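Working through the structure, step by step
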Amino acid sequence: MMQATAKVTYVRIAPRKVSIVLDLIRNQPADKAMAILKHTPKAACEPLIKLLKSAMANAENNHNMDPNRLYVAEANVGQGPTLKRIRPRAQGRAFRINKKTSHITLVLKETEE
């Protein structure tokens, strides 16, 4: 079974925000998944559109797969390193702000007919 993969690492968005959008496109045809991403008002959609385009290009150019028969077989997100920042607060205190990053993986496969 042929599969095409695309990965993006160190995306400056929390993994739980990304996973909400990934749940929408998992097991969907690639063109439908692209339409869903384009019409979903979430910050995670922008890097995911680029990632899906990349995976589709990989499928077509590297594995000679038919772009019309592709579907999102796997869509995973993992937590990357956290950027730790400090926010000054009242009376000389400092509050920690954690800026989370994500590693996202998309796997496309061809439907059997």
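Quick caveat: nothing in here was measured; it's all calculated off a predicted structure.

1. Details of the packing of aromatic side chains
For any pair of aromatic rings, the description consists of the separation of the ring centres together with the inter-plane angle of the planes. Throughout the structure, instances matching the rule amount to zero aromatic pairs. Looking at Arg89, its charged tip hangs above the ring of Phe95, at a distance of 4.8 Å from the centre.

2. Overview of the pattern of salt bridges
Following the criterion strictly, the structure yields one salt bridge and no others. Between Arg26 and Asp23 there is a salt bridge, with the nearest N and O atoms lying 2.7 Å from each other.

3. Digging into the environment of Leu106
Inspection of the secondary structure puts Leu106 in strand E5 (residues 102-110). Here the alpha-carbon distance between Leu106 and Ala75, two residues 31 residues apart in the chain, equals 4.7 Å. Here Leu106 is in contact with Ala4, Thr5, Ala6, Leu22, Ile25, Leu51, Leu52, Val72, Glu74 and Ala75, once residues within four sequence places are set aside.

4. What to know about helix H3 (residues 45-63)
Taking 1.5 Å per residue as the helical rise, H3 with its 19 residues ought to reach 27 Å, and the 26 Å between its terminal C-alpha atoms agrees with that figure. All of the buried residues in H3 are Cys45, Leu48, Ile49, Leu51, Leu52, Ala55 and Ala59. Mapping the buried residues of H3 onto a view down its axis gives an arc of 170°, with all of them on the same face. Turned more than 90 degrees from where H3 packs its buried face, Glu46, Lys50, Asn61 and Asn62 sit exposed. Those residues of H3 that are buried lie in contact with strand E1 (3-11), helix H1 (15-25), helix H2 (30-38), strand E2 (70-79) and E5.

5. Quick notes on unusual backbone geometry
For Asn27, which is not glycine, the phi dihedral falls at a positive 65°. Summarising the element assignment, Asn27 is placed in the loop between H1 and H2. By relative accessible area, Asn27 is classed as exposed at 55%. Of note, Asn64 is a non-glycine position whose phi angle comes to about 50°, a positive value. For Asn64, the location among the structural elements is in the loop between H3 and E2.

6. Remarks on the environment of Gly78
Here Gly78 is to be found in strand E2. Taking the C-alpha atoms as reference, Gly78 lies 9.2 Å from Ser19; in sequence the two are 59 residues apart. Apart from the residues lying within four places of it in its own chain, the contact partners of Gly78 are Pro15, Thr101, Ser102 and His103.

7. Topic: the sheet that holds E5
Here we have three strands laid out as an open sheet, ordered E1-E5-E2, and antiparallel in their pairing. Each having just a single partner strand, E1 and E2 make up the two edges of the open sheet. On average, adjacent strands in this sheet sit at an angle of 15° to one another, irrespective of strand direction. When E1 meets E5, the two strands line up antiparallel, connected through seven bridges. If you follow Ala6 over to E5, its bridge partner there is Leu106. Those strands touched by H1 are E2 and E5, and its axis lies near 165° from that of E2.

What counts as what
- Residue indices begin from 1 for each chain and proceed along its sequence in written order.
- Under the rules for a predicted model, residues below a pLDDT of 70 receive no local features and side-chain atom pairs below 80 are neither given nor counted, while totals for whole chains, interfaces and linings still include all residues.
- Neither water nor hydrogens contribute to the side-chain values; these are computed over all heavy atoms in the structure.
- Stacked, edge-to-face and tilted are the three classes for Phe, Tyr and Trp ring pairs, Trp counted by its six-membered ring, which pair at centre distances within 6.5 Å; planes under 30 degrees apart are stacked, over 60 edge-to-face, the rest tilted.
- A ring is considered to have a charge above it if a Lys NZ or an Arg CZ atom is located within 6 Å of its centre and within 35 degrees of its normal.
- For this analysis, a salt bridge means a side-chain nitrogen from Lys or Arg found within 4 Å of a carboxyl oxygen belonging to Asp or Glu.
- Runs of H or I in DSSP of at least four residues are treated as helices and runs of E of at least two as strands, each being numbered from the N terminus.
- Any pair of residues with heavy atoms lying within 4.5 Å of one another is described as a contacting pair.
- Here the expected span of a helix is defined as 1.5 Å times the quantity of residues minus one.
- Relative accessibility decides the category of a residue: with a 1.4 Å probe and only protein chains considered, values under 20% of the type maximum give buried, values over 50% give exposed, and everything between is partly exposed.
- The arc in question is formed by the directions pointing from the helix axis toward the C-beta atoms.
- Note on pairing: DSSP must find at least two bridges between two strands before they are called paired.
- The angle between two axes is taken between their N-to-C directions and runs from 0 to 180 degrees, where each axis is a line fitted to C-alpha atoms and a helix contributes only its stretch in contact.

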